[in-house]
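Residue strings, one per chain:
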Amino acid sequence: DRQKFIRNFSIIAHIDHGKSTLADRILEMTSSVEKRKMKEQLLDSMDLERERGITIKLNAVQLTYKAKDNQEYILHLIDTPGHVDFTYEVSRSLAACEGAVLVVDAAQGIQAQTLANVYLALDNNLEIIPVLNKIDLPSAEPEKVRREIEEVIGIDASNAVKASGKSGLGVDEILERIIKDVKAPDGDENAPLQALIFDSFFDAYRGVVPTIRVINGSIKKGDMIEFMATKAKFEVVEVGVYTPTQKVVDVLGPGDVGYLTAAIKTLNEVRVGDTITHATKRAEKPLPGYRTLNPVVFCGLYPIDPDQYQDLKDALEKLKLNDASLIYEPETSQALGFGFRTGFLGLLHMDIIQERISREFNIELIATAPSVVYHVYMTNGEKILVDNPTFLPDIQKIDYINEPVVKATIMCPKDYVGSVMDICQKKRGIFIDMKYMDQTRVLLTYRLPLAEIVYDFFDKLKSSTKGYASFDYVLDGYMASDLRKMDILLNGEVVDALSVIVHKEFAYQRGKAIVEKLKTLIPRQMFEIPVQAALGGKIIARETIKAMRKDVLAKCYGGDISRKKKLLEKQKEGKKRMKTFGRVDIPQSAFMAILSNS
Ligand code: GTP
């Protein structure tokens, strides 16, 4: 009967529309957190998240709320990440809810990112509660935004809640609406256990801690459980809920959201989207929608200080423990020494991992430009996978190369259709479909090489649509393309870590852009440095970095010692994120120069 009083919901919003602020207010109003304990934006617990203002890890907090009907309700607020790299995780965490609070900034209106998440919520049959937020702002136009929600998203917004996360206005109304409109979870307590894993983290003492939503059956301490996708079996040590700190409970039943511990040592055994059942009384089928996640973007990670190789290895190991989608293996580069080829779900995922390595583990890194995985068919009948341009075999030995392709859906206001199509065309896109979603909004479908998305697709799309386009993609097989390896030479020598795979038709243009960019990034030395791009041994572009005119120290020769020291200090600082190749210092930024697309 307790089940009747449970409500599971999440908050979806475009970045900066006030999701975290509203969540904080809700926590306060349900007195889940003592005020003095309350940090700003408690839900975004990792530092990195807070700094970047994005939510990476999912969280699930249990709240108790005494509603106007005098009844006490249990609410689970489930947090979702907002980025396309983590679409799968968003979709799984929404699958753990029955309702979603849709927060739209009443001064800004619907923005790109809101849409993808709203559609995921609709796909999961969630009840949507529209909220017009920040109505305290003088520039707020709630009526206009209300109409926009109805026209663009196509849901009834006639009773959208006007709220301000800042002042707290309307927050109680949101809670009442959750109670009234979001349905209580159904699910049969006596059926075999089915619990959805929608997040997990690693605890040094207790192992992997999955966050789960029980759909059917119940789970308690001592149960033997099985993870249906990985077949791993464990005995449950503890079950509990987040309040938001962990609180042990006796049992989790249908509709409950919480965690379990079972001395699970590796995260490989626990995958987001998998179903937990009992090892003896097994559920016939897992919950729908599980898929394995494969990394699609790879790059080389190298410690600037070669002595930190082992530290980097340890760091990757630790990070992998709570991020099963991260993969890595040792790699050697002539230019960079010993490092690791590392695979990610997408570009943001890559950024986050790199930043965590330098911040949490204090390792200065050089990262090479990201690459996709090419399927290379050799003339001798062999097929090899290449995720590092350096290892693309000689063109004479290659029959053909397949590259990964995505099916991209882009939503944008109709005024921008022309420029979006233009970008897709330039990115080797193949037009599939265009349809009007309503009078103002268009849905475009393209097939695009993943490699082109890895370059500057996002930025181009964003800037040419004023951020008004929303973009999502799924992998969609492979296609044969006329691809070549382009080498970059510094001072006459090939720098292996700068090689890149390019489409033949774009090679000249890309080569030119890269050497021009490198010219601006590589510091002058005492001698002249030619920077060249070569295709199959033939130079196709060249720039020259002029020699430095004077030694920095020459200026103060015989002069003030402390000033000299300062200069040397400064030089050292500048060298920090650099690798010396032959006689040339290459800064980290140079390795990203190959992403500059003219
Ligand atoms: P991300 O975590 O970056 O996705 O953003 P968010 O959606 O969680 O937004 P957040 O709560 O961090 O708020 C973004 C900014 O808007 C902050 O500067 C808040 O102080 C401000 N803000 C949030 N709610 C309100 C509101 O109701 N009124 C006004 N005036 N400002 C608000």
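Up top you'll find the structure we're talking about.
Just so we're clear, the structure is a prediction, and the values are computed from it rather than from any experiment.

Colleague: An account of the overall build of the protein chain is needed here, citing residue identities and associated values.
Modeller: Each helix and strand in the protein chain was counted, giving 13 helices and 33 strands. Taken across its 598 residues, the protein chain has 55% of its residues classed as buried. The contacts in the protein chain between residues at least 6 apart in sequence include a share of 69% that link residues at least 24 apart. As presented, the protein chain carries roughly 27,200 Å² of accessible surface, and 50% of it is formed by carbon and sulfur atoms.

Colleague: Break down the pairing of strand β1 (residues 6-13) for me, with residues and values.
Modeller: Counting buried positions over the eight residues of β1 gives eight, a clear majority of the element. Sheet topology places β1 next to strand β3 (residues 72-78); five bridges connect them, and they run parallel. Each bridged residue has a counterpart across the sheet, and for Phe9 the counterpart in β3 is Leu77. Inspection of the sheet shows β1 paired to strand β4 (residues 99-105) by five bridges, in the parallel sense. Looking across to β4, one finds that Ala13 is bridged to Val103.

Colleague: Go over the packing of helix α9 (residues 417-426) against helix α10 (residues 450-464) with me, naming the residues and quoting the values.
Modeller: Orientation of α9 relative to α10, taken along the N-to-C sense of each, is 160°, at an axis distance of 10 Å. Judged by the angle between their axes, α9 and α10 are roughly antiparallel. Like other packed secondary-structure pairs, α9 and α10 cross with a definite hand, here right-handed. On α10, the residues that touch Ser419, Val420, Ile423 and Cys424 of α9 are Phe457, Lys460, Leu461 and Ser464. Its residues placed into classes, the contact of α9 with α10 shows five nonpolar, two polar and one charged.

Colleague: Give me the lowdown on the sheet that holds strand β13 (residues 246-249), citing residues and values where you can.
Modeller: The strand order across the open sheet formed by eight strands is β11-β10-β16-β7-β8-β15-β12-β13, and the pairing between neighbours is antiparallel. Strand pairing shows two members of the sheet lacking a second neighbour, β11 (233-235) and β13, which therefore form its edges. Geometrically, the sheet is characterised by an average inter-axis angle of 40° between neighbouring strands, direction not taken into account. Relative to β13, strand β12 (residues 238-242) runs antiparallel, the two being bridged by four bridges. Considered in β13, the bridge of Val239 is made with Val249.

Colleague: Outline the sheet that holds strand β17 (residues 297-303), listing residues and values.
Modeller: Read across the open sheet, the four strands follow the order β18-β19-β17-β20; overall the sheet is antiparallel. Two strands in the sheet have a free side with no partner beyond their single neighbour: β18 (327-333) and β20 (365-367). Across the sheet, the mean angle from the axis of one strand to that of its neighbour is 30°, orientation sign disregarded. By the bridge criterion, seven bridges tie β18 to strand β19 (residues 337-344) in an arrangement that is antiparallel. Within the sheet, the bridge partner assigned to Tyr328 lies in β19 and is Thr342. Packed on one face of the sheet, helix α7 (residues 309-321) meets β17, β18, β19 and β20 and runs near 15° to β19.

The rules behind the values
- Residues numbered from 1 in each chain as written.
- Predicted model: local features only at pLDDT ≥ 70, side-chain atom pairs only at ≥ 80, totals over all residues.
- Heavy atoms only, no water.
- Helix = DSSP H or I, 4+ residues; strand = E, 2+ residues; numbered from the N terminus.
- Buried < 20%, exposed > 50% of the residue type's maximum accessible area, 1.4 Å probe, protein only.
- Contact = heavy atoms within 4.5 Å.
- Areas by Shrake-Rupley, 256 points an atom, 1.4 Å probe, with all protein chains shown as cover.
- Pairing = 2+ DSSP bridges.
- Axes fitted to C-alpha atoms, helices over the stretch in contact; angles between N-to-C directions.
- Parallel < 35°, antiparallel > 145°, perpendicular 65-115°, else oblique.
- Left-handed = near helix turned anticlockwise from the far one by under 90°.
- Nonpolar A, V, L, I, M, F, W, Y, C, P; charged D, E, K, R; others polar.

This is a description of form; function is not addressed.
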